[in-house]
Protein chains: 2
Amino acid sequence: MINQAIIVAGGKGARFGSVLPKQFLTLRGKPVLLHSIELFEDITDNIVVVLPEEQSDHWALLVKTFPVSNKVIITTGGATRTESVINGLKALPGPSDLIAVHDAVRPLASKGLIEKLFSEAGLYESAIPTIGPRDSLRMHQGTEYVVLDRQKVLAIQTPQVFKSDILKNAYSSLSDHELTDDASAVENAGKKLHFVHGEEWNMKITWPEDIIIAESILKSRENKPS
Amino acid sequence: MINQAIIVAGGKGARFGSVLPKQFLTLRGKPVLLHSIELFEDITDNIVVVLPEEQSDHWALLVKTFPVSNKVIITTGGATRTESVINGLKALPGPSDLIAVHDAVRPLASKGLIEKLFSEAGLYESAIPTIGPRDSLRMHQGTEYVVLDRQKVLAIQTPQVFKSDILKNAYSSLSDHELTDDASAVENAGKKLHFVHGEEWNMKITWPEDIIIAESILKSRENKPS
């Protein structure tokens, strides 16, 4: 069984209000991106990291400063997330059974969750981690915001794991390059998705506050054996 | 200008997997509920706390252990959140200009946000704090989960602040007692809502992990003057 991972490191720090892209900010002394990479170290054979071209200097500095798994292969991102995943798929060395696609800014997924996702994707062709939203939600419709039935809504996380051919076919037949995730690409190709219960802690580092929150989560994990 | 607050402390710890209701768990040595109460201490004239009857022992212990503002009035909750708010409205001592309704399990709203909500509700009759969701969202429709346009979705927080008569009229004319929040009650009464940008940190304590996260947020605030 050959498993591979693609880690997609997105845009700049604009939304974050930081000069350094958020995947290069440090968490407990180590860049967010390196945390995300290490999640796959024991589970996959190769880890393709897709980086925007302008971040290659940040990466060069990272590998000078920290030990990085020799499973890592770097490739260059595209103009959209979708194009970046396509570049990541092209950079995979040889075939595989399962492929995980992960956001670089989700460093807190547990290895237990990732193992479970690979295992379920082996059975169901895909495994998409989801959690229920914690707040009431409203959606813009016409001139107002209408209440959504929260019970019916899922928040979608990564890593999303797929049988290799399904993911590759989905992206090779894709016309819409503005998709938000890989599940959507696979669904567009006519495949049913398999949802798996994700983790509250598997948060996407989105705002400056999140670094503080993520630090505390990591710290609390270090203090108790999992 | 008379401002009042109603703090609604909901159900048991079932979802939380804890025996102690989550509003009585401690954050930095002080119960979550007390943090929530203190947010309103400087801004409102009265603070009605609506507690389920079975939590009166917890409250009795709390007031023995911690100093509690003399602005606090305790009343008993109903079978649903809506009924609890109605009880809270009945317990308000005398008229007011503006009323805030807040979830007991959101201890991290900033006083700056609360002041802003009161100020905007004075101008626009209501002020509802909202933030954009950070994950992709899907909603159950028919046999599948359809991708929602995240740009169009708002996550709704509390406190929600209203002109007093608008909130009271909304609840006095209400037929549906399963509403998720006060904004919905006011909207059902035909009023337009005014949304205000909320705070990422104003999280609802929902899962055990959240206590650790909330602790770290409070700690980081103590370390830097706001």
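You'll find the structure just up there.
Residues numbered from 1 in each chain as written. Chains lettered and ligands numbered in written order. Predicted model: local features only at pLDDT ≥ 70, side-chain atom pairs only at ≥ 80, totals over all residues. Heavy atoms only, no water.

(A) Representation of the relation of the copies chain B and chain A in the model. Screw-axis analysis of chain B against chain A gives a translation of 0.0 Å along the axis, an RMSD of 0.0 Å, and a rotation angle of 180°. In short, the pair behaves as if placed about a two-fold rotation axis. Most of the interface of chain B is mirrored in chain A, where 100% of its interface residues are also at the interface. (Least-squares fit on C-alpha atoms with pLDDT ≥ 70 in both. Contact = heavy atoms within 4.5 Å.)

(B) Summary view of empty space enclosed by the protein. Using the criterion set out here, one finds one cavity of 30 Å³ or more in the structure. Put simply, the largest cavity is a space of about 550 Å³. Forming the boundary of the largest cavity are 28 residues, of which A:Arg134, A:Asp135, A:Glu200, B:Arg134 and B:Asp135 lie nearest the centre. For the lining of the largest cavity, the leading source of residues is helix α7 (residues 208-223) of chain B, giving three residues. Class assignment for the residues of the lining of the largest cavity results in 13 nonpolar, six polar and nine charged. (1 Å grid on protein atoms, 1.4 Å probe; cavity = no way out; pocket = protein on both sides within 12 Å on 5 of 7 lines; lining within 4 Å. Points joined across faces, edges and corners; volume = space filled by probe spheres on them. Helix = DSSP H or I, 4+ residues; strand = E, 2+ residues; numbered from the N terminus. Nonpolar A, V, L, I, M, F, W, Y, C, P; charged D, E, K, R; others polar.)

(C) A look at the interface of chain B and chain A. Across the contact, 44 residues belong to chain B and 44 residues belong to chain A. With both chains or domains summed, chain B and chain A bury close to 3900 Å², and 55% of this area falls on carbon and sulfur atoms. At the surface where chain B touches chain A, the tally comes to six salt bridges. Notably, a salt bridge pairs A:Arg138 with B:Glu187, separated by 3.0 Å at the nearest N-O pair. On the surface where chain B and chain A come into contact, there are 19 residue pairs in polar contact (both at pLDDT 80 or more). Listing elements by their share of the side of chain B that touches chain A, those giving two or more residues are β8 (136-141), β9 (144-147), β10 (153-156), α6 (182-188) and α7 of chain B. Here the side of chain B that touches chain A takes eight residues from α7(B), the largest share from any one element. (Buried area = accessible area lost by both parts, 1.4 Å probe. Salt bridge = Lys/Arg side-chain N within 4 Å of Asp/Glu carboxyl O. Polar contact = N/O pair within 3.5 Å; in protein donor to acceptor, adjacent residues only side chain to side chain.)

(D) Region of interest: the pattern of salt bridges. All chains considered together, the criterion is met by 18 salt bridges over all chains. A:Arg134 is the salt-bridge partner of A:Glu200, the closest N and O atoms lying 2.5 Å from each other. Highlighted residues: A:Glu200 in the loop between β12 (195-197) and α7 (208-223) and A:Arg134 in the loop between β7 (126-131) and β8 (136-141), separated in sequence by 66 residues. Each member of the pair, A:Glu200 as well as A:Arg134, is classed as buried. Among the charged side chains, a network of salt bridges with common partners joins A:Arg81, A:Asp103, A:Arg106, A:Asp182 and B:Asp135. (Buried < 20%, exposed > 50% of the residue type's maximum accessible area, 1.4 Å probe, protein only.)

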